[in-house]
Structure formats: C-alpha cells, structure tokens
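Reading the structure
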Amino acid sequence: MAFSITEKALKLWDAWSIRGSIILSISLQASLILLVPLRKGSIGGNWLIFSIWLGYLFADWVATYTIGLIFSGSSSSLEGTPKDIMGFWASFLLLHLGAGTEPMKDKGGQPSPLNF
C-alpha cells in the first residue's frame, strides 16, 4: 500500500519537529536583531514596525512551542538524543523568551508602559 502525502508529512514532522522549530526560532531571533536599526530609524513606516512586532510575537510563540515539544518527549526525533543536549536547547530557548522585551522599547529610549 502506498503512503499518502499526509502520512509522509506526518513522518517528516515527527522526525524533524524539534530540530526544525529550534532552527526557526534561531532564524527569527537573528533576523529580528538585524531589523532593530530599521525599526528605530526613520526608514521604516508603520507597516515595517507592525511586521517586526508580529515577528517578535511569532518568535516568542515558536520558542514556547519548541520548549513544549522538548518537555513532552513524544516526538521520535528525541530518540537517541542525550538529555543534556535537550536541556541546553530548552535553556537557550528560555533565554530567547527572556531577552525578547529589551528591543521593544520605544524610540525615545524610555520603556513602554506596556512592558512589565
């Protein structure tokens, strides 16, 4: 019996869910760091600022989702992976979540009243 596309996609997701999420999280954080000067300068308009803000929200969501994948342990991509490496990636992703509010200050350098 031939595999359907959804079965292949599910096997691929099960094998690469954690690795892919970690790569996506690191890529988002790196791109957001590179886009900070555009947000603070006069080059970007409201759409650029809005898209960067959505990028911050999405980066936080990806990091939280990846931590959930690591701690659920239900993925087959964890088989044979040392627990120390998963602990490193979990702490690295928690660092992403904690460091996300610093670049979100307004242009005047004063913290936004919405940041805690």
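Calculation rules
- Residues numbered from 1 in each chain as written.
- Predicted model: local features only at pLDDT ≥ 70, side-chain atom pairs only at ≥ 80, totals over all residues.
- Heavy atoms only, no water.
- Helix = DSSP H or I, 4+ residues; strand = E, 2+ residues; numbered from the N terminus.
- Buried < 20%, exposed > 50% of the residue type's maximum accessible area, 1.4 Å probe, protein only.
- Contact = heavy atoms within 4.5 Å.
- Areas by Shrake-Rupley, 256 points an atom, 1.4 Å probe, with all protein chains shown as cover.
- Core = buried A, V, L, I, M, F, W, Y, C linked by side-chain atoms within 4.5 Å.
- Expected span 1.5 Å × (residues − 1).
- Phe/Tyr/Trp six-rings, centres within 6.5 Å; stacked < 30°, edge-to-face > 60°.
- Arc of directions from axis to C-beta.

**Description of the overall build of the chain**
- Within the chain, the secondary structure is distributed over 3 helices and 0 strands.
- When the elements of the chain are put in sequence order from the N terminus, they spell out α-α-α.
- Per-residue burial over the chain gives 26% buried out of 116 residues.
- Look at the contacts in the chain between residues 6 or more apart in sequence, and 74% of them connect residues 24 or more apart.
- Total accessible area computed for the chain in this model is approximately 8200 Å², and 70% of it derives from carbon and sulfur atoms.

**What to know about the nonpolar core**
- In terms of nonpolar packing, the biggest core is built from 8 residues, these being Ile-18, Ile-22, Ala-63, Ile-67, Leu-69, Ile-70, Met-86 and Leu-93.
- Of all the secondary structure elements, the ones that give two or more residues to this core are α1 (5-40), α2 (46-72) and α3 (83-98).
- It is α2 that provides the largest number of residues to this core, a total of 4 residues.
- In this structure, Val-36, Ile-52, Tyr-56 and Ala-59 belong to the second largest nonpolar core, which totals 7 residues.

**What to know about α2**
- Taking 1.5 Å per residue, 27 residues should reach 39 Å; α2 reaches 39 Å between its end C-alpha atoms and fits that length.
- Following α2 by one or two positions, Gly-73 has its phi on the positive side, about 70°.

**Details of the packing of aromatic side chains**
- One pass over the full model with this rule turns up 7 aromatic pairs.
- Ring plane angle 90° and centroid distance 6.4 Å describe the contact between Trp-47 and Phe-50, whose orientation is recorded as edge-to-face. Of this pair, Trp-47 and Phe-50 both sit in helix α2, 3 residues apart, roughly one helical turn.
- Its relative accessible area of 41% is what places Phe-50 among the partly exposed residues.
- Where Trp-61 meets Tyr-65, the ring centres are 5.3 Å apart and the plane angle is 10°; that geometry is what we call stacked. One end of the pair is Trp-61 and the other is Tyr-65, both in helix α2 and 4 residues apart, which spans about a single turn.
- An aromatic cluster is built from Trp-47, Phe-50 and Trp-53, whose rings are joined through pairwise contacts.

**Some details on α3**
- With 16 residues, α3 should reach 22 Å at 1.5 Å per residue; the first-to-last C-alpha distance of 23 Å fits that figure.
- Met-86, Ala-90, Leu-93 and His-96 are the residues of α3 that are buried. The buried residues of α3 occupy an angular sector of 110° when the element is viewed end-on, so they sit on one face. Opposite the buried face of α3, at more than 90 degrees from it, the exposed residues are Asp-84, Leu-95 and Gly-98.

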